[in-house]
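Structural features, examined
Next come the chains, spelled out residue by residue.
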Amino acid sequence: MNFLEERIVKDGIVKDGNVLKVDSFLNHQMDIELFNEIGKEFKRRFEGKNINKILTIEASGIGIACIVAQYFNAPVVFAKKTKSINLEGEMYVAEVESFTHKCKNQVIVAKKFLSEDDHVLLIDDFLANGCALQGLIQIVQSAGATVEGIGIVIEKGFQAGGRVIRNLGFQLESLAIVDNMNTETGEVYFREQ
Ligand code: 5GP
């Protein structure tokens, strides 16, 4: 087991509805030492890639992306889920269905922060059905920018997202792939990588 899988076994909680709760270290309280290990590992996996921007989605992706970005010396842009009054000018918009909230959101990035010169690493906490990622990919492609890679902290391998995104030809790196979870025993089974 790698460092992240060990942490999931120690502190992750399996909930009904195929939800893995990791809010004690990943998406509510955040363990920054762990985030640093995640950053180092993504740097290793995307070594040699020409990455000048990190794109993520609010809210849980932001903290992770910020720590990861330090290993790439790149700025972070996060897609917004609501059109705040501070969003000015032209925007890229994609429609995304939320797995956890079971609703449709628009994700929005101001055009001035993404251009055809950008080589983008997409970062997110979870990959389930892949809707969030597909929205981000669509935004990068609308900008004429290049997706250099995709870094996911936890992929739920029993949902379709990972397969769909890999079939599209992207380099998708998930630090832990959960192939099965047992709600009764709380056990989590990982894919060998
Ligand atoms: P997708 O769009 O791939 O179906 O879902 C991705 C998003 O849903 C992630 O950004 C994450 O916020 C949320 N998500 C999906 N599955 C889980 C889960 O099992 N646990 C948690 N904590 N979040 C999840």
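This text follows the structure it describes.
A brief report on the enclosed structure follows. No experiment lies behind these values; they were computed from the predicted model shown.

Re the pairing of strand β8 (residues 146-156)
The element β8 is largely enclosed, with a buried count of 10 among its 11 residues. As a crossover connection, the stretch from strand β7 (residues 119-127) through helix α4 (residues 131-142) into β8 is right-handed. Of the strand pairs in this sheet, β8 and strand β9 (residues 172-181) are connected by six bridges, and their pairing is parallel. By the bridge assignment, Lys156 is partnered in β9 with Val178.

Things to note about the side chain of Asp125
Among the secondary structure elements, Asp125 is positioned in strand β7. Here Asp125 is buried and forms no salt bridge, its nearest opposite-charge partner Lys81 lying at an N-O distance of 8.1 Å. A polar side-chain atom of Asp125 sits 3.2 Å from a polar atom in the side chain of Asn27. Residue contacts for Asp125: discarding those within four places in its chain leaves Leu26, Asn27, Ser60, Ile64, Ile152, Val153 and Ile154.

So, the site of the ligand
Close contacts around the ligand come from 16 residues, with Leu20, Asn129, Gly130, Ala132 and Lys156 the closest. Separating an oxygen atom of the ligand from a side-chain N or O atom of Asp124 is a distance of 3.1 Å. Contact distances for the ligand include 2.7 Å between an oxygen atom and a backbone N or O atom of Gly130. Starting from 510 Å² of accessible surface for the ligand in isolation, the protein chains cover 89%. Only β2 (19-21), β7 and α4 provide two or more residues apiece to the shell around the ligand. It is β7 that provides the largest number of residues to the shell around the ligand, a total of four residues. Classifying every residue of the shell around the ligand gives eight nonpolar, five polar and three charged.

Considerations on the pattern of salt bridges
Going through the model one piece at a time under the given rule, you end up with 12 salt bridges. Residue Asp11 pairs with Lys10 through a salt bridge whose shortest N-O separation is 3.4 Å. Take Asp11: its relative accessible area is 24%, and that puts it in the partly exposed class. One salt bridge connects Glu41 with Arg44, and the closest N-O pair in it is separated by 2.7 Å.

A look at the packing of helix α1 (residues 3-11) against helix α2 (residues 32-45)
Relative to each other, α1 and α2 sit at 145°, their axes nearing to 10 Å. Note on element contacts: α2 touches α1 through Leu34, Glu37, Ile38 and Glu41, opposite Phe3, Leu4 and Arg7. Across the contact of α1 with α2, the residue classes break down as four nonpolar, no polar and three charged.

Quick look at the nonpolar core
By size, the foremost hydrophobic cluster in this structure holds 32 residues, and its most contacted members are Leu20, Leu26, Ile38 and Ile154. Secondary structure elements with two or more residues in this core: α1, α2, α3 (60-69), β7, β8, β9 and β10 (188-190). Ranked by residue count, the leading element in this core is α3, at five residues. Apart from the residues lying within four places of it in its own chain, the contact partners of Leu26 are Phe35, Ile38, Ile64, Asp125, Phe126, Val153 and Ile154.

Quick notes on the pairing of strand β4 (residues 76-79)
Only one face of β4 is buried, namely the one carrying Val77 and Ala79, since none of Val76 and Phe78 on the opposite face is buried. Of the pairings in the sheet, the one linking strand β3 (residues 53-57) to β4 comprises four bridges and is parallel in character. By the bridge assignment for β4, Leu55 is matched with Val77.

Criteria and thresholds
- Residues numbered from 1 in each chain as written.
- Predicted model: local features only at pLDDT ≥ 70, side-chain atom pairs only at ≥ 80, totals over all residues.
- Heavy atoms only, no water.
- Buried < 20%, exposed > 50% of the residue type's maximum accessible area, 1.4 Å probe, protein only.
- Helix = DSSP H or I, 4+ residues; strand = E, 2+ residues; numbered from the N terminus.
- Right-handed = clockwise from strand over helix to strand, strands pointing away.
- Pairing = 2+ DSSP bridges.
- Lys, Arg positive; Asp, Glu negative; His and termini not counted.
- Salt bridge = Lys/Arg side-chain N within 4 Å of Asp/Glu carboxyl O.
- Polar contact = N/O pair within 3.5 Å; in protein donor to acceptor, adjacent residues only side chain to side chain.
- Contact = heavy atoms within 4.5 Å.
- Near = heavy atom within 4 Å.
- Areas by Shrake-Rupley, 256 points an atom, 1.4 Å probe, with all protein chains shown as cover.
- Nonpolar A, V, L, I, M, F, W, Y, C, P; charged D, E, K, R; others polar.
- Axes fitted to C-alpha atoms, helices over the stretch in contact; angles between N-to-C directions.
- Core = buried A, V, L, I, M, F, W, Y, C linked by side-chain atoms within 4.5 Å.

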